[in-house]
Amino acid sequence: TRRRFLHAMAATPAVAAPRRPNVLFLLTDDQRQDTISALGNPHIRTPNLDTLVRSGVTFTNAYCMGGFSAAVCLPSRMMIQRGCSWFAVQKQQPGYPHLARTMNEAGYVTYHLGKKGNEDTASHQSYRYNHYVEPNDDAERKAARPFAHTAGRVVEFLDQWKAEPQRKPFFLYVADPSPHD
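Criteria and thresholds
- Residues numbered from 1 in each chain as written.
- Predicted model: local features only at pLDDT ≥ 70, side-chain atom pairs only at ≥ 80, totals over all residues.
- Heavy atoms only, no water.
- Pairing = 2+ DSSP bridges.
- Helix = DSSP H or I, 4+ residues; strand = E, 2+ residues; numbered from the N terminus.
- Axes fitted to C-alpha atoms, helices over the stretch in contact; angles between N-to-C directions.
- Expected span 1.5 Å × (residues − 1).
- Buried < 20%, exposed > 50% of the residue type's maximum accessible area, 1.4 Å probe, protein only.
- Arc of directions from axis to C-beta.
- Phe/Tyr/Trp six-rings, centres within 6.5 Å; stacked < 30°, edge-to-face > 60°.
- Salt bridge = Lys/Arg side-chain N within 4 Å of Asp/Glu carboxyl O.
- Polar contact = N/O pair within 3.5 Å; in protein donor to acceptor, adjacent residues only side chain to side chain.
- Contact = heavy atoms within 4.5 Å.
- Patch = residues over 30% accessible without salt bridge, like charges linked within 9 Å, V, L, I, M, F, W, Y side chains within 5 Å.
- Areas by Shrake-Rupley, 256 points an atom, 1.4 Å probe, with all protein chains shown as cover.
- Lys, Arg positive; Asp, Glu negative; His and termini not counted.
- Charge placed at Lys NZ, Arg CZ, Asp CG, Glu CD.

### Overview of the sheet that holds strand 3 (residues 129-133)
- Across the sheet, which stays open at both edges, the four strands sit in the order 1-4-2-3 with parallel pairing between neighbours. The open sheet has two free edges, formed respectively by strand 1 (23-26) and strand 3, since each of these has just one partner strand. Direction aside, neighbouring strands of the sheet carry axes that sit 10° apart on average.
- One ladder, built from six bridges, connects strand 2 (residues 109-115) with strand 4 (residues 170-175); its direction is parallel.

Okay, here's the thing in structure tokens:
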């Protein structure tokens with residue numbers, strides 16, 4: 001009964017709070033959801049993305065409201081970082097809540113790796129680790145393995161994180177410039 005349950009809980013030593021999950025937020029540049037095999041495209045093979053789709057959370061009804069030009073990568077990235085519409089982004093006052101600040105306050109080690117020249121520097125400054133994909137990374141990006149350099153930098157961070165004696169959970173925001181248009 002409920003009474004017995006409550007009595008048993010009162011006699012039980014305190015239980016540690018559940019461990020927060022590590023979070024990987026992977027944002028591909030200008031990529032539509034119908035370009036991933038696991039999301040319905042029968043003509044393309046995306047085995048690694050398919051694994052992430054099956055084991056994580058996928059936003060299949062997300063869209064970018066656009067910006068002031070044909071390019072939507074900057075507006076979409078800023079709206080994700082700031083949690084508001086593109087037109088509200090321009091009106092935000094200093095100290096506004098945003099993704100990095102929220103995750104820091106929740107006790108996460110925050111890491112950002114994103115596109116150079118297309119950044120929300122005001123929000124990105126709140127990440128504990130903040131890196132940009134450098135323009136000279138383009139040679140590898142145009143090669144057969146466009147994400148290899150980005151993946152290598154993430155692995156470097158994870159190795160460093162694993163070496164910390166008292167690890168906090170991590171929040172990785174990885175926004176590679178690929179595939180773009």
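Now, onward.
### A look at helix 8 (residues 148-162)
- The end-to-end C-alpha distance of helix 8, which contains 15 residues, comes to 21 Å, matching closely the 21 Å that a straight helix rising 1.5 Å per residue would cover.
- T150, R153, V154, F157 and W161 are the residues of helix 8 that are buried. Seen end-on, helix 8 carries its buried residues on one side only, within an arc spanning 95°. Residues of helix 8 that are exposed and point more than 90 degrees away from the buried face comprise E156 and K162.

### Quick word on the packing of aromatic side chains
- Throughout the structure, instances matching the rule amount to six aromatic pairs.
- On the numbers, 5.3 Å between centres and 65° between planes, the contact of Y129 with F157 is edge-to-face. Taken together, the residues span a long stretch of sequence, with Y129 in strand 3 and F157 in helix 8 at a distance of 28 residues.
- On the basis of relative accessibility, which here comes to 3%, the residue F157 falls in the buried class.
- Ring geometry for W161 against F170: centres 4.9 Å apart, planes inclined by 90°, an arrangement best described as edge-to-face. Each member of the pair W161 and F170 is classed as buried.

### Brief notes about the pattern of salt bridges
- Overall, the coordinates contain one salt bridge when judged by the stated rule.
- For E164, the salt bridge identified is with R128, shortest N-O distance 3.9 Å. Of this pair, E164 sits in the loop between helix 8 and strand 4 while R128 sits in the loop between helix 6 (121-124) and strand 3, and the two are 36 residues apart along the sequence.
- E164 gets classed as buried once you look at its relative accessible area, which sits at 19%.
- In this structure R128 comes out as partly exposed when scored by relative accessible area, which is 49%.

### Overview of the side chain of T150
- With respect to the secondary-structure elements, T150 resides in helix 8.
- Of note is the side chain of T150, whose polar atom sits 2.2 Å from the side chain of D176.

### Topic: the environment of R101
- Looking at the element boundaries, R101 is found in helix 5 (residues 99-105).
- Relative accessible area serves as the criterion here: at 27%, R101 is assigned to the partly exposed category.
- Once the C-alpha coordinates of R101 and H124 are considered, the two residues, 23 residues apart in sequence, prove to be 9.2 Å apart.
- Look past the residues within four positions of R101 in its chain and what remains in contact with it is G95, Y96 and S126.

### Quick notes on a positive patch on the surface
- Together, R19, R20, K162, R167 and K168 make up a region of like positive charge exposed at the surface.
- For R167, the position within the fold is in the loop between helix 8 and strand 4.

### Re helix 3 (residues 73-82)
- Most of helix 3 is tucked away, with eight of its 10 residues classed as buried.
- Where helix 3 is concerned, the buried positions are C73, P75, S76, R77, M78, M79, Q81 and R82.
- Tucked into the core, helix 3 has its buried residues touching helix 4 (86-89), helix 5, strand 2, helix 6 and strand 4.

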